Amino acid sequence: MPEFVTVFEITRNGNGVFVDEVFRLLIGVVALLGSLRSLIRNRRREKSRRDYIGPIFILIWSVFWLYLHLLPNVFGHVNRLVNAYRDKQYEIVEGPVEVLHQQPKTGHSKGDVIRVNGKEFVVDYFYATPAYHNTIAHKGILNVGTYARIYYSDGEILRVDVRK
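Bear in mind that the values here come from a model prediction, so they are computed numbers and not experimental data.

It is worth spelling out the sheet that holds strand E6 (residues 156-163) at this point. Whether parallel or antiparallel, the strands of a sheet pair through hydrogen bonds between backbone atoms. The antiparallel open sheet is built from 6 strands, whose spatial order is E1-E6-E5-E2-E3-E4. Every other strand in the sheet has two partners, leaving strand E1 (4-9) and strand E4 (119-123) as the edge strands with one partner each. Across the sheet, the mean angle separating the axes of adjacent strands is 40 degrees when strand polarity is ignored. Across 6 bridges, the pairing between strand E2 (residues 91-101) and strand E5 (residues 147-153) is antiparallel. By the bridge assignment, Val93 is partnered in E5 with Ile150.

Here it is in structure tokens:
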């Protein structure tokens with residue numbers, strides 16, 4: 001039985017996604033609350049219509065910001081992957097890694113396409129996910145010939161073990 005070493009394991013803040021989304025959420029909420037506060041203050045002080053333009057713009061921008069980032073979907077995606085790993089709702093594939101396509105360091109292409117024992121994965125460094133996303137160009141471990149055991153759910157890599 002070959003010995004393996006775990007080189008990647010998914011966590012709630014894997015790759016900084018969770019903290020980044022919380023930060024984006026705070027930006028949207030602060031802008032929304034600030035614009036509402038300004039609108040209420042302007043109404044109480046009976047300001048002119050021109051004084052409402054800035055707060056209304058910020059209000060519309062903050063709603064768009066929150067919608068654009070679809071924060072519930074991101075948090076749901078993170079939770080789904082972490083829960084799948086925790087509850088052992090994943091599949092495992094093991095074998096030597098074949099690289100079918102390599103993503104350039106600057107992106108502008110689909111991610112690394114790798115195959116392990118007949119199962120293909122796309123590893124994209126520029127996709128915000130707590131799952132494994134380190135491409136070969138960004139010091140990823142899944143290179144040609146590496147013997148790996150991959151735990152995955154819905155095509156996203158939750159854990160990577162490599163043979164010692």
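Having seen the structure, we can now continue with the description.
Applying the stated criterion across every chain yields a total of 8 salt bridges. Among the salt bridges present, the one from Arg24 reaches Asp20, with a minimum N-O distance of 2.9 Å. Of this pair, Arg24 and Asp20 both sit in helix H1 (residues 17-44), separated by 4 residues, roughly a single helical turn. When its relative accessible area of 26% is taken as the criterion, Arg24 is described as partly exposed. The partner of Asp154 in a salt bridge is Arg80, and the shortest N-O contact between them spans 2.8 Å. In this pair, Asp154 is assigned in the loop between E5 and E6 and Arg80 in helix H3 (residues 71-86), connecting sequence segments 74 residues apart. Judged by relative accessible area, which is 36%, Arg80 ranks as partly exposed. The structure contains a network of salt bridges with shared partners spanning Glu98, Arg115 and Glu120.

The subject of this paragraph is H1. Helix length check: H1 (28 residues) gives 41 Å between terminal C-alpha atoms against 40 Å at 1.5 Å per residue, within 8%. Every buried residue belonging to H1 is among Val17, Glu21, Gly28, Ala31, Ser35, Ser38, Leu39 and Asn42, and all of these are buried. Positive backbone phi, at 50 degrees, marks Glu46, one or two positions downstream of H1.

Relative to the 24 Å expected for 17 residues at 1.5 Å per residue, helix H2 (residues 53-69) spans 24 Å between its end C-alpha atoms, a close match to the ideal helical length. Regarding H2, the residues found buried are Pro55, Ser62, Trp65 and His69. Down the axis of H2, the sector holding all buried residues measures 80 degrees, keeping them to one side. Turned more than 90 degrees from where H2 packs its buried face, Ile53, Phe57, Ile60 and Tyr67 sit exposed.

Note on placement: Leu158 falls in strand E6. With relative accessibility at 0%, the residue Leu158 sits in the buried group. For Leu158 and Val82, which are 76 residues apart along the polypeptide, the C-alpha to C-alpha distance reads 8.0 Å. Contacts of Leu158, omitting those with residues within four sequence positions, involve Phe8, Glu9, Ile10, Leu81, Ala84, Tyr85, Tyr90, Tyr151, Tyr152 and Ser153.

Parameters at a glance
Residues numbered from 1 in each chain as written. Predicted model: local features only at pLDDT ≥ 70, side-chain atom pairs only at ≥ 80, totals over all residues. Heavy atoms only, no water. Pairing = 2+ DSSP bridges. Helix = DSSP H or I, 4+ residues; strand = E, 2+ residues; numbered from the N terminus. Axes fitted to C-alpha atoms, helices over the stretch in contact; angles between N-to-C directions. Salt bridge = Lys/Arg side-chain N within 4 Å of Asp/Glu carboxyl O. Buried < 20%, exposed > 50% of the residue type's maximum accessible area, 1.4 Å probe, protein only. Expected span 1.5 Å × (residues − 1). Arc of directions from axis to C-beta. Contact = heavy atoms within 4.5 Å.

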